[in-house]
Amino acid sequence: MELFGIKVLESNWIDINEESIQYNEVEFLLESLAKYNDMTIEIQNDWKLKVWNGDNEVIDEFYLIENDEFREKLYRKYPL
């Protein structure tokens, strides 16, 4: 998955529905999010990410722009 030309994660197993896209067994390409590797990531239509663990529980929710590493790459790519 790529956003604004920044590669965020890779997954070979994707489910799409009306409300979100689900990436299964992900590998994050941002070091700060590597702790979520091999988990399921749901990206909702408003770009909120939900992290699901193996017990089918949401363990974290955030917007990618809240992540310092992503924001730094974004601003470096598109300076203000």
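So, here is what we can say about the structure in this document.

Criteria and cut-off values
Residues numbered from 1 in each chain as written. Predicted model: local features only at pLDDT ≥ 70, side-chain atom pairs only at ≥ 80, totals over all residues. Heavy atoms only, no water. Helix = DSSP H or I, 4+ residues; strand = E, 2+ residues; numbered from the N terminus. Rg over C-alpha atoms; globule rule 2.2 N^0.38 Å. Pairing = 2+ DSSP bridges. Core = buried A, V, L, I, M, F, W, Y, C linked by side-chain atoms within 4.5 Å. Buried < 20%, exposed > 50% of the residue type's maximum accessible area, 1.4 Å probe, protein only. Salt bridge = Lys/Arg side-chain N within 4 Å of Asp/Glu carboxyl O. Patch = residues over 30% accessible without salt bridge, like charges linked within 9 Å, V, L, I, M, F, W, Y side chains within 5 Å. Areas by Shrake-Rupley, 256 points an atom, 1.4 Å probe, with all protein chains shown as cover.

### A look at the overall build of the protein chain
Broken down by element type, the protein chain carries one helix and nine strands. Secondary structure elements of the protein chain occur, N-terminal to C-terminal, as β-β-β-β-β-β-β-β-β-α. Taking 2.2 N^0.38 as the reference for a compact globule, 80 residues should give roughly 12 Å; the C-alpha atoms of the protein chain span a radius of gyration of 12 Å, in line with that estimate. Along the first, second and third principal axes, the C-alpha set of the protein chain runs to 40 × 25 × 20 Å.

### With respect to the pairing of strand 5 (residues 20–24)
As paired elements, strand 4 (residues 13–16) and strand 5 share four bridges and run antiparallel to each other. What sits directly across from I14, in strand 5, is Y23. Between strand 4 and strand 5, which pair antiparallel and follow one another directly, the connecting turn spans three residues. Inspection of the sheet shows strand 5 paired to strand 7 (residues 40–44) by four bridges, in the antiparallel sense. Across the sheet, Q22 pairs through a bridge with E42, a residue of strand 7.

### Section: the nonpolar core
Soluble globular proteins: nonpolar side chains tend toward being buried together. With 19 residues, the main nonpolar core has V8, L9, F28, I41, L64 and F70 as its most contacted residues. Contributing elements (two or more residues each) for this core: strand 7, strand 8 (48–52) and helix 1 (68–77).

### What about the pattern of salt bridges?
Note on pairing: side chains with opposite charge can pair once their charged atoms come close. Enumeration according to the criterion identifies three salt bridges in this entry. Close ionic contact of E61 with K48 constitutes a salt bridge, the shortest N to O distance being 3.4 Å. You can see E61 sitting in strand 9 (residues 58–63) and its partner K48 sitting in strand 8, a full 13 residues away along the chain.

### So, a nonpolar patch on the surface
A cluster of nonpolar side chains, namely I14, I16 and I21, defines an oily patch on the protein surface of about 270 Å² accessible area. With respect to the secondary-structure elements, I16 resides in strand 4.

### As for the environment of A34
Mapped onto the fold, A34 is located in the loop between strand 6 (27–28) and strand 7. The sequence separation of A34 and L9 amounts to 25 residues, and the corresponding C-alpha distance is 9.4 Å.

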